[in-house]
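Geometric and topological summary
Single-letter residue listing:
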Amino acid sequence: MQTAQEVLKYIEDNGIELIDLKFVDLYGIWQHCTFHKSLIEEDSFANSGGVAFDGSSIRGWKAINNSDMAMVPDPTTAWMDPFMDVPTLSMVCSIVEPRTGELYGRDPRSIAQRAIDYLISTGIGDKVYCGPEPEFFIFDKVSYGMAGHEGYFFIDSDEGPWNSGEESSLGHKIGKKRGYFPVAPSDMLQDMRTEMLMTMAKCGVPIEKHHHEVAAGGQCELGIKFSDLVHAADYVMTYKYVVKNVARKYGKTATFMPKPIYDDNGSGMHSHMSIWNDGQPLFAGDKYAGLSQTALYFIGGLIKHAKSLLAFTNPTVNSYKRLVPGFEAPVNLAYSAGNRSASIRIPLSGTNPKAKRLEFRCPDASSNPYLTFSAMLCAGLDGIKNQIDPGEPLDVDIYEMAPDELAKIPKAPANLAEALMYLEQDHDFLTVGGVFPEDFITNWVSMKMDGEVKPLSKLPHPYEFELYYDC
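Source: prediction; values computed, not measured.

1. Examining unusual backbone geometry
Most of the time, phi is negative for any residue but glycine, and the peptide bond is trans. Phi at A289 takes a positive value of approximately 55°, unusual for a residue other than glycine. For A289, the location among the structural elements is in the loop between β15 (280-281) and α5 (293-313). Unusually for a residue other than glycine, Q387 sits at a positive phi of about 50°.

2. Focus: the pattern of salt bridges
Scanning the model with the defined rule gives 17 salt bridges in all. Linking D81 and K22 is a salt bridge whose minimum nitrogen-to-oxygen distance equals 3.0 Å. With a gap of 59 residues between them, D81 in the loop between β5 (79-80) and β6 (88-96) and K22 in strand β1 (residues 18-24) connect regions that are remote in the sequence. Residues D81 and K22 agree in their burial class; the two are buried. For E195, the salt bridge is made with K249, and the minimal N-O distance between the two is 2.4 Å.

3. Observations concerning the packing of aromatic side chains
Counted according to the given criterion, the structure contains 21 aromatic pairs. Taken together, a centroid distance of 5.2 Å and an interplanar angle of 40° make the contact between F312 and F436 tilted. With a gap of 124 residues between them, F312 in helix α5 and F436 in the loop between α10 (428-431) and α11 (438-458) connect regions that are remote in the sequence. Accessibility assignment for this pair places F312 and F436 in one class, buried. Ring geometry for F436 and F440: centres 5.7 Å apart, planes at 70°, overall edge-to-face. For F436, a relative accessible area of 0% corresponds to the buried category. Residue classification places F440 among the buried positions, given a relative accessible area of 1%. We note K22 situated over the ring of W30; from NZ or CZ to the ring centre the distance is 5.7 Å. Looking at K240, its charged tip hangs above the ring of F256, at a distance of 5.3 Å from the centre.

Reading guide: rules and limits
Residues numbered from 1 in each chain as written. Predicted model: local features only at pLDDT ≥ 70, side-chain atom pairs only at ≥ 80, totals over all residues. Heavy atoms only, no water. Helix = DSSP H or I, 4+ residues; strand = E, 2+ residues; numbered from the N terminus. Salt bridge = Lys/Arg side-chain N within 4 Å of Asp/Glu carboxyl O. Buried < 20%, exposed > 50% of the residue type's maximum accessible area, 1.4 Å probe, protein only. Phe/Tyr/Trp six-rings, centres within 6.5 Å; stacked < 30°, edge-to-face > 60°. Lys NZ or Arg CZ within 6 Å of the ring centre and 35° of its normal.

Here's what the structure looks like:
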């Protein structure tokens with residue numbers, strides 16, 4: 001469906017009584033409210049109308065004395081929610097100021113729409129395609145807790161090398177870093193991943209494949225096709241919604257936490273991107289790895305701004321436990337046609353210029369996809385506008401490099417606090433064109449420092465007792 005009229009006709013023709021409107025908060029988590037069909041009219045789909053709600057209870061949004069907001073559903077995102085007993089039509093919304101009809105400055109989906117508007121205003125292109133690759137873990141049991149006098153977590157996975165379930169007696173275990181990709185009975189998650197993939201398709205997500213990932217303990221990936229920036233982010237949100245709910249149906253639990261297991265591969269969200277103009281791809285050319293000069297400048301922008309960019313693409317304290325050497329992690333801020341330790345890879349794409357793209361390997365799926373893709377685009381556009389040279393590619397084996405040579409390659413921030421510090425110092429490329437409001441950047445840094453970095457720096461860790469209890 002493409003228009004409000006088509007959606008309203010579908011509701012009437014199919015006897016649908018309930019409409020579920022979903023929107024994303026700053027943290028990248030879907031929120032929702034379910035409305036009777038009598039409350040959804042043609043005006044509900046217009047920025048001048050929308051569906052009113054109280055925004056003061058959404059973390060990081062409005063104060064209670066200025067809390068009125070409106071959800072505006074996107075007709076192109078309509079699908080029947082597969083997890084609700086009563087037939088319910090779901091739609092994804094952008095958030096507007098109800099008195100002016102303007103896109104709300106702190107709404108991530110609205111930021112993504114402004115990023116596309118900014119791209120068009122530059123004259124460089126009119127469309128950007130994104131191809132995200134979210135990874136996740138499926139566990140049999142997870143428990144955790146933290147208080148002033150105690151703290152713990154426990155993970156159980158039937159297919160993990162440490163598992164305590166009944167399957168442990170059958171001997172078919174996936175060892176550390178050996179999950180890519182054994183068949184059953186070692187891979188116990190085939191049918192569940194198939195259901196996840198097919199359910200996503202019913203929700204409008206263009207699907208490709210599924211497989212077990214490298215890490216033991218149930219790491220998986222579902223492959224989805226590329227799409228325009230805003231819809232690609234919509235699809236990531238649907239992906240996460242489906243994965244978590246299908247896992248729960250099977251009595252298991254799924255997480256997109258980047259590094260839940262020590263000393264094994266973490267979960268990323270490698271993100272492919274290309275810019276087009278007037279139906280023509282701009283990243284194909286006769287430069288390195290078949291790239292155009294425009295693409296190389298885009299890479300230059302990504303590398304220049306990567307340390308601040310990671311405050312959005314890798315926005316949790318746990319994100320930086322993944323970004324360490326030795327686990328195929330993209331810790332080196334460089335580009336390469338094949339080196340997976342480089343933060344930017346040029347995938348093999350054959351001779352078709354439409355398939356030429358770059359892959360930014362740093363992001364993980366704890367990020368808000370609307371903010372991740374928008375920030376990537378802004379950094380790349382800054383590279384194009386200012387013709388930023390990305391330097392030489394990193395095609396050598398980093399494990400064979402001399403220490404003094406390796407030291408010359410810039411590295412990803414060591415932790416979230418460092419990334420936030422870089423964001424404070426380097427964010428003009430995000431605010432230009434009004435894509436990210438200055439207020440948004442200030443709020444993001446404060447929210448992350450006060451809500452995550454500072455509390456975790458004060459909390460005792462169980463490993464500290466092993467190290468220091470007998471001091």
